[in-house]
Amino acid sequence: FSLIFSFLSCRIQIKLLLDKMTSCHVADDPIKKVAIFGGTHGNELTGVFLVKHWLENGTEIQRTGLEVKPFITNPRAVKKCTRYVDCDLNRVFDPENLGALCQLISTSSQIFHIKDFANGSFYTVFFLYVYVTLATDVVNLFLSANNSKKMSEDLPYEVRRAQEINHLFGPKDSEDSYDIIFDLHNTTSNMGCTLILEDSRNDFLIQMFHYIKMSLAPLPCYVYLTEHPSLKYATTRSIAKYAVGIEVGPQPQGVLRADILDQMRKMIKHALDFIHNFNEGK
């Protein structure tokens, strides 16, 4: 049995590694739920202004068959016009801060991933062993949920806010999470219009970014790839199935420039147009 276990373990590890190396992310189903985040950093005012405007009048961001929700992510920091209150909201969307629910979902997804792979009788013994082991972990996580971090006044404000956002737009790594989140940022750097991509194999976002770039031309639009082989991103937008960071500069903190606002506004327009066209099969 130990020889069979070792052999199957090796086979599955190799298969998962090859899948990770060769697979691409392609959206098969229509995009239904989109969120536009502003104020993740409270002193980056373009996203704050646009989201507040769309909350009052969201006509320009609505598309047929698409739910688009503008949202102020860090209202206390926005009110103080500061980057954050206690800690950076854009760094705390990890399982440790989001709580046991996030860990439960992550472990459950591992079970179903292995279950899909182990579909032949040759793998039955090993599959049952792994399934029982991981199922036990899921149960333990569920039972210990009450002992995990909770939303209390003892936690930093941004951690509590992250848990609230994860509840509204996630849970992270689940099928119920929003399809796309656009997170709007400014920078003092002369980056112009920049789209932030976290996965070079995400065909859907690559096509979207190409569409945005072509639509903005001759205005330059850059793509900043932040891919890392082992780093799990804890950004605000990472709770969505497709995370899109939008960075436009230069703009000083606490200042609103009309030209920067117009550029970011056009980027969102073209992104939503692409999603609409994708859903229509164009």
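- Naming follows an unreviewed UniProt entry, where the chain appears as Aspartoacylase of Camelus dromedarius.

### Quick look at the sheet that holds strand β3 (residues 180-186)
Line of reasoning, step 1. With mixed pairing, the six strands of this open sheet are ordered in space as β2-β1-β3-β6-β4-β5. Each having just a single partner strand, β2 (67-72) and β5 (221-225) make up the two edges of the open sheet. When strand polarity is set aside, the average angle formed by the axes of neighbouring strands in this sheet is 20°.
Line of reasoning, step 2. One ladder, built from seven bridges, connects β3 with strand β6 (residues 242-249); its direction is parallel. In the strand pairing of β6, F182 is matched with V244.
Line of reasoning, step 3. Where helix α2 (residues 45-56) meets the sheet, its contacts fall on β1 (33-38), β2 and β3, and the angle it forms with β2 comes to roughly 125°.

### A closer look at the pairing of β6
Line of reasoning, step 1. β6 sits mainly inside the fold: eight of its eight residues count as buried.
Line of reasoning, step 2. Where burial is concerned, the two faces of β6 agree: the one with Y242, V244, I246 and V248 and the one with A243, G245, E247 and G249 are both buried.
Line of reasoning, step 3. Where strand β4 (residues 192-197) and β6 come together, five bridges link them in antiparallel fashion. Considered in β6, the bridge of I196 is made with G245.

### Considerations on the packing of aromatic side chains
Line of reasoning, step 1. Enumeration over the complete set of coordinates arrives at eight aromatic pairs.
Line of reasoning, step 2. Arranged with centres 5.7 Å apart and planes meeting at 50°, the rings of F37 and F71 form a pair that is tilted. Here F37 is found in strand β1, whereas its partner F71 is found in strand β2, with 34 residues between them in sequence.
Line of reasoning, step 3. Owing to a relative accessible area of 12%, F71 belongs among the buried residues under this scheme.
Line of reasoning, step 4. Taking 4.9 Å as the distance between ring centres and 70° as the angle between the ring planes, the aromatic pair formed by F71 and F169 counts as edge-to-face. Taken together, the residues F71 in strand β2 and F169 in helix α7 (residues 157-169) connect sequence positions 98 residues apart.
Line of reasoning, step 5. Judged by relative accessible area, which is 1%, F169 ranks as buried.
Line of reasoning, step 6. What links up through ring pairs into an aromatic cluster is the set F204, Y211, Y242, F274 and F278.

Rules behind the numbers
Residues numbered from 1 in each chain as written. Predicted model: local features only at pLDDT ≥ 70, side-chain atom pairs only at ≥ 80, totals over all residues. Heavy atoms only, no water. Pairing = 2+ DSSP bridges. Helix = DSSP H or I, 4+ residues; strand = E, 2+ residues; numbered from the N terminus. Axes fitted to C-alpha atoms, helices over the stretch in contact; angles between N-to-C directions. Contact = heavy atoms within 4.5 Å. Buried < 20%, exposed > 50% of the residue type's maximum accessible area, 1.4 Å probe, protein only. Phe/Tyr/Trp six-rings, centres within 6.5 Å; stacked < 30°, edge-to-face > 60°.

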